[in-house]
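# Coordinate analysis (summary)
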Amino acid sequence: MRVLVVGGGGREHALAWAIRREIAEAVIHCAPGNPGTAELGTNLAIPADDIDRITDAADMLGADLVVVGPEVPLAMGLADRIRAEGRLVFGPSAAAARIESSKSFAKDVMRSARVPTAASATFTSLADALDYIDRHAQPLVVKASGLAAGKGAVVAGTRREAADAARSMLEDASLGAAGSEIVIESFLEGEELSLFAITNGRDVTLLPAAQDHKRLLDGDQGPNTGGMGAYAPVSLATSELLARATSEVLLPTLEELERRGTPFRGLLYAGLMIDAAGAPSVVEFNCRFGDPETQAVLPLLNGGLIDALTASAEGTALPKLSVNPHLAAVTTVLAARGYPDAPEKGAAITLPGEMPEGVTIFHAGTKRDDAGVLRANGGRVLAVTGVATTFEEARVRSAEVAEAVQFDGKQYRRDIGWREAGR
Ligand code: AMP
Ligand code: GLY
């Protein structure tokens, strides 16, 4: 089997790792990949958003399956292009990817499908946005409608902060075109959950639920990031809750997308808020696997991933994933100094000589220099996943190796999974 994985972060290293684990003889290429994926296959020096060259590479390689990691190439139509060439691709069409690339579209789909989510309105006019802010209770959340690489949402404690955020996006174009349309919504109380559903457009097969840690610092302090760590499974995600999220959120959303002529095939990521009564509502949808949640979720599988990705790509009946019910995983992200605003590149990285049992280091922002030295090359540098039969042991394994990896400026959280530890 020849697989092309598109992307070069920790999520894509984890996808390539999981594919290699299931099919030892699979021929894996990654575009562009990273030094971690280089150990599992061949990296192609093609940026993930160069969709012409990626389409050509898939043809040249004779790829049996293309797995697209990031949202940007999906929003640009990479999956449409590869499908048009008659190849199997895991990932939605550009039209269906709007569930992530346009928050106003996502809100409209949810309204039509009666999916629970925060009350909201969409604006392109600042005057109208300010008027709405005046008439609604604080706190409010102001979001760029377009893709903003995790920087698009401002949780505003006061109306004044909400007005500042709206002004900055609509008037000062602080987020460029992504913020030329904004969504303002009410603040949801509760606990967040990341739910990953592989879908063929109609049915879903769920991966174990995960919880992300978006803030930079321990105790959920500091600025929002792409995610500083994750764990799975989450005991809050009981089978009742998952059944409810499937019937109230995932299936109605898929049905509505199909009704609109844009069926969604690929990974539908529901970012949920679970309120005190245990009811889920949608904070956001993403059209792809989450990062770093994927690095915690995929190690829990016994198998079935490739079959599920293939069935999703084909639009055929989904097999059940085989999840090991006895395992827990905790992932700690190691970030560079200056992340998330201005990460420093170049620090030399020393990995532990011998890896303790149950620990995998996924590469994200790393590269090898001409001398072969591994160096930091992005905001999130590495993700350390510990797997064990208990959450506590998985947490200790991840934390110990996170501590042992060395590079100048390393920042990481020491409290990944603190909510679970308290349960
Ligand atoms: P988003 O870009 O929509 O994922 O938002 C980023 C983060 O902002 C989420 O993970 C939440 O922590 C927070 N957030 C977004 N929308 C809301 C909301 N309506 N209520 C509470 N928190 C929110
Ligand atoms: N970890 C959040 C995301 O992938 O969007």
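Just so you know, these numbers come straight off a predicted model, no measurement behind them.

## A word on the packing of aromatic side chains
Per the stated rule, a full pass over the model turns up six aromatic pairs. Look at F196 and F289: their rings are 6.1 Å apart centre to centre, the planes differ by 90°, and that puts the pair in the edge-to-face class. You can see F196 sitting in strand β10 (residues 191-199) and its partner F289 sitting in the loop between β17 (280-286) and α10 (293-297), a full 93 residues away along the chain. Side by side, F196 and F289 carry an identical accessibility label, which is buried. Chaining the aromatic ring pairs together yields one cluster made of F90, F196, Y269 and F289. We note R414 situated over the ring of Y412; from NZ or CZ to the ring centre the distance is 4.1 Å.

## Some points on the site of ligand 2
What surrounds ligand 2 is the set D212, K214, G226, Y269, N286, R288, G290, D291, P292 and E293. Contact distances for ligand 2 include 2.8 Å between an oxygen atom and a side-chain N or O atom of R288. A distance of 2.9 Å separates a nitrogen atom of ligand 2 from a polar backbone atom of D291. Residue classes in the shell around ligand 2 are distributed as two nonpolar, three polar and five charged.

## A few points about the sheet that holds strand β4 (residues 65-68)
Taken together, five strands build an open sheet; the order of strands is β3-β2-β1-β4-β5 and the sheet is parallel. Across the chains shown, the open sheet's two edge strands, defined by having one partner strand only, are β3 (42-43) and β5 (89-90). Relative to β5, β4 runs parallel, the two sharing two bridges. Along β5, the bridge assignment pairs V67 with F90. Here helix α1 (residues 10-22) sits on the sheet and contacts β1 (2-7), β2 (27-32) and β4; the angle it forms with β1, its principal contact strand, is near 165°.

## Brief notes about the nonpolar core
Of all hydrophobic cores here, the largest spans 56 residues; its most connected members are L4, V66, I99 and L272. For this core, the element with the highest residue contribution is helix α9 (residues 239-259), accounting for seven residues. Excluding its chain neighbours within four sequence positions, the residues that come into contact with L272 are E191, E192, L193, L195, A245, V249, P280, S281, V282 and V283.

## Re the site of ligand 1
Surrounding ligand 1, one finds 14 residues, the nearest of these being E185, L188, E192, K214 and E284. At 3.0 Å from an oxygen atom of ligand 1 is found a side-chain nitrogen or oxygen belonging to K143. When ligand 1 sits alone it has 470 Å² of accessible area, and the protein chains cover 91% of it. Counting residues per element, the ones that place at least two in the shell around ligand 1 are β7 (140-144), β8 (153-156), β9 (182-186) and β17.

## Considering the side chain of D291
Looking at the secondary structure, you find D291 in the loop between β17 and α10. At 2.9 Å, the side chain of D291 forms a polar contact with the side chain of Q295. Here D291 is in contact with G9, G10, R11, G226 and R380, once residues within four sequence places are set aside.

## Notes on unusual backbone geometry
A negative phi angle characterises most non-glycine residues, just as the trans form characterises most peptide bonds. Each neighbour pair has its own omega, and for Q138 with P139 the value is -10°, a cis peptide bond. With respect to the secondary-structure elements, P139 resides in the loop between α7 (126-134) and β7. The step from D291 to P292 runs through a cis peptide bond, and the omega angle for that step is 20°. Checked against the element boundaries, P292 lands in the loop between β17 and α10. Residues other than glycine seldom take positive phi values, yet R114 does so here, at roughly 55°. Structurally, R114 can be placed in the loop between α6 (103-113) and β6 (120-123).

## Some remarks on the sheet that holds β6
Across the sheet, four strands lie side by side as β6-β9-β7-β8; this open sheet has antiparallel pairing. Each of the sheet's edge strands pairs with one partner strand only, and the pair in question is β6 and β8. Mean inter-strand twist for the sheet, computed between neighbouring axes without regard to direction, equals 20°. Contacts from helix α8 (residues 159-170) reach β6, β7, β8 and β9 within the one sheet, and its direction differs from that of β7 by about 10°.

Calculation notes
- Residue positions are given per chain, counted from 1 along the sequence in the order it is written.
- Following the order in which they are written, the chains are lettered starting with A and the ligands numbered starting with 1.
- Residue-level local features of this predicted model are given only where pLDDT is at least 70; pairs of side-chain atoms are given and counted only at 80 or more, and the full residue set underlies all totals for whole chains, interfaces and linings.
- To obtain the side-chain values, all non-hydrogen atoms of the structure were used and water was disregarded.
- Side-chain rings of Phe, Tyr and Trp, where Trp is taken by its six-membered ring, are said to pair if the distance between their centres is within 6.5 Å; with planes under 30 degrees apart they count as stacked, over 60 as edge-to-face, and otherwise as tilted.
- In DSSP terms, a helix is any run of H or I states spanning at least four residues, a strand is any run of E spanning at least two, and both are numbered starting from the N terminus.
- Using a 1.4 Å probe on the protein chains alone, a residue whose accessible area is under 20% of its type maximum counts as buried, one over 50% counts as exposed, and one in between counts as partly exposed.
- We count a charge as sitting over a ring when the NZ of a lysine or the CZ of an arginine lies within 6 Å of the ring centre and within 35 degrees of the ring normal.
- Note on terminology: near, applied to a residue and a molecule or strand, indicates that one of the residue's heavy atoms is within 4 Å of it.
- Here a polar contact means two N or O atoms within 3.5 Å. Within protein one must be a hydrogen donor candidate and the other an acceptor candidate, and residues neighboring in sequence count only if both atoms are side-chain atoms.
- For this scheme, ten residues count as nonpolar: Ala, Val, Leu, Ile, Met, Phe, Trp, Tyr, Cys and Pro. Four count as charged, namely Asp, Glu, Lys and Arg, and the remainder, Gly too, count as polar.
- Note: two strands are recorded as paired if DSSP finds a minimum of 2 bridges between them.
- Contact criterion: two residues are considered in contact whenever any of their non-hydrogen atoms come within 4.5 Å of each other.
- Between the N-to-C directions of two axes lies an angle of 0 to 180 degrees, each axis being a line fitted to C-alpha atoms and, for a helix, fitted only over the stretch in contact.
- Each nonpolar core is a collection of buried residues, namely Ala, Val, Leu, Ile, Met, Phe, Trp, Tyr and Cys, held together in the definition by side-chain atoms within 4.5 Å.
- Residue-level accessible areas treat just the shown protein chains as cover; the underlying method is Shrake-Rupley with a 1.4 Å probe.

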